[in-house]
Amino acid sequence: MQEQSPSEGHPYHALTPDLVQDALVSIGLYGDGRQMALSSYENRVYQLHLDDGSTVVAKFYRPGRWSEAQILEEHAFSAELMDAEIPVVGPLRIQGRTLHHFGGFAFSVSPSRGGRSPELDDPDVLEWVGRFLARIHTVGAARPFAVRPALDLQSFGVEPREWLLSHDKVPLDVQSAWEKASSDALNLIATFPLYIRTTVQNDLEDAAEDAQPFHALRSLRLHGDCHPGNILWTPLDAPAASLPGPHFVDLDDARMGMAVQDLWMLLSGDRQQRTRQLGALVDGYEQFRSFDRRELALIEPLRTLRLIHYSAWLARRWDDPIFAINFPWFGSSDYWQGQVLMLQEQIEAMQEEPLVV
């Protein structure tokens, strides 16, 4: 089968249904023609039915986002987690590889797993999720990523802000207000003890750390984007073939960072609700792994960094037609004014006492 190259324009214009099916054939999988696009903006993800009756999910990686080494490092992390019997849905090894190439695209194939969103108001569900997050972090702490980046102030705050301003993505009528709010927020975050260091650095610097008034927090390999949409929940009364409880999907954003990064996105509501939810998560977490309470002070800084990074992510992807369709509100003065207000609220939140569990 002759390979093709992406057409002119956005690379995903070339990712036709025929190319998806031909990519499967190139690794010995044969679809029966049924193909459904799943919700994904960064990559293109499809559920595909095979002629043997099974169902798989194929992910076609966004060209230019990750290097092949970075993708393979994510795959290796997934394999470590699955070897530890943690319910992570990782890529299948087919023809001796987890990453394949066809038509100018890199892609992987994973088993299809069903599930619903977890009921995060239920403390038993949160405790269950917390136990598995601790197990993920135990594996993640064994060694650092070698080529995948860290979630830190520079990559999630300073660089995205500078890119937005240098590319004139903020309308002039809001630019000065957003520039000030984002600068004030990042300057405040810089005062937090947000030390991003690999486990290798930790080993080398223990003596220096002991001399510091605030010991540096340890970073580890994370899921990185552990929001409710990336947890599939299987009910207790599921068929015997399906294990009940959470299944973690989409490690595409796996990075080095603080353990609390994989917890805070599961919190919602007012302070009392978030405190109760966090308590249940940590109760489950500490059945397998201790949790450093100092990291609770990083929840609002991490939320603030995500706000700035998210705006830059949308702006950088705007040449992808699917973004204008799904985010029609982005880029307007109203959007950016809303961002100014949220950043100002975050500045206040970062100066409040952190949650306590």
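Figured I'd write up the structure that's included with this text. (Residues numbered from 1 in each chain as written. Predicted model: local features only at pLDDT ≥ 70, side-chain atom pairs only at ≥ 80, totals over all residues. Heavy atoms only, no water.)

Our next topic: the sheet that holds strand S2 (residues 44–50). Spatial ordering of the open sheet is given by S1-S2-S3-S5-S4, a layout of 5 strands whose pairing is antiparallel. Looking along the sheet, the strands with just one partner apiece sit at the ends: strand S1 (31–37) and strand S4 (100–102). Strand-to-strand twist across the sheet, computed as the mean angle between neighbouring axes with direction ignored, equals 35°. Bridge count for S1 against S2 is 4 bridges, and the pairing is antiparallel. Counterpart to Gly31 in the pairing with S2 is Leu50. In this fold helix H1 (residues 17–26) packs onto S1, S2, strand S3 (55–60), S4 and strand S5 (105–111), with an angle of close to 125° to the strand it touches most, S1. (Pairing = 2+ DSSP bridges. Helix = DSSP H or I, 4+ residues; strand = E, 2+ residues; numbered from the N terminus. Axes fitted to C-alpha atoms, helices over the stretch in contact; angles between N-to-C directions. Contact = heavy atoms within 4.5 Å.)

This model, assessed by the stated rule, comprises 20 salt bridges. Arg62 is the salt-bridge partner of Glu42, the closest N and O atoms lying 3.8 Å from each other. Placement of Glu42 in the loop between S1 and S2 and of Arg62 in the loop between S3 and helix H2 (68–83) is noted, with a sequence separation of 20 residues between them. Per residue, the accessibility class of Glu42 equals that of Arg62, and both read buried. Each of Glu42, Arg44, Arg62, Arg65, Asp252, Asp253, Arg317 and Asp320 takes part in a single network of salt bridges with overlapping partners. (Salt bridge = Lys/Arg side-chain N within 4 Å of Asp/Glu carboxyl O. Buried < 20%, exposed > 50% of the residue type's maximum accessible area, 1.4 Å probe, protein only.)

Moving on to the side chain of His10. Looking at the secondary structure, you find His10 in the segment before H1. Residue classification places His10 among the buried positions, given a relative accessible area of 7%.

This paragraph deals with the packing of aromatic side chains. Summed over all chains, the structure comprises 20 aromatic pairs. Ring centres of Trp313 and Phe327 lie 6.3 Å apart, and the angle between their planes is 75°; this geometry places the pair in the edge-to-face category. Taken together, the residues span a long stretch of sequence, with Trp313 in helix H9 (residues 299–316) and Phe327 in the loop between helix H10 (321–326) and helix H11 (333–350) at a distance of 14 residues. The same class applies to Trp313 as to Phe327, namely buried. Here the aromatic cluster, defined as three or more aromatic residues joined through ring pairs, consists of Tyr41, Trp178, Tyr310, Trp313, Trp318, Phe323, Phe327, Trp329, Phe330, Tyr335 and Trp336. The ring of Trp66 has Arg148 lying over it, and the distance from NZ or CZ to the ring centre is 4.2 Å. A cation over an aromatic ring shows up here: Arg221 above the ring of Phe145, its NZ or CZ 5.8 Å from the ring centre. (Phe/Tyr/Trp six-rings, centres within 6.5 Å; stacked < 30°, edge-to-face > 60°. Lys NZ or Arg CZ within 6 Å of the ring centre and 35° of its normal.)

Axis separation between helix H3 (residues 123–140) and helix H8 (residues 271–285) bottoms out at 6 Å; the angle between their running directions is 50°. Taken together, the axes of H3 and H8 are oblique relative to one another. Here the hand of the crossing between H3 and H8 comes out right-handed. Residues Pro123, Leu126, Glu127, Val129, Gly130, Arg131, Leu133, Ala134 and His137 of H3 form the contact with H8, whose participating residues are Gln277, Ala280, Leu281, Asp283, Gly284 and Tyr285. The class makeup of the residues in the contact of H3 with H8 is 8 nonpolar, 4 polar and 3 charged. (Parallel < 35°, antiparallel > 145°, perpendicular 65-115°, else oblique. Left-handed = near helix turned anticlockwise from the far one by under 90°. Nonpolar A, V, L, I, M, F, W, Y, C, P; charged D, E, K, R; others polar.)

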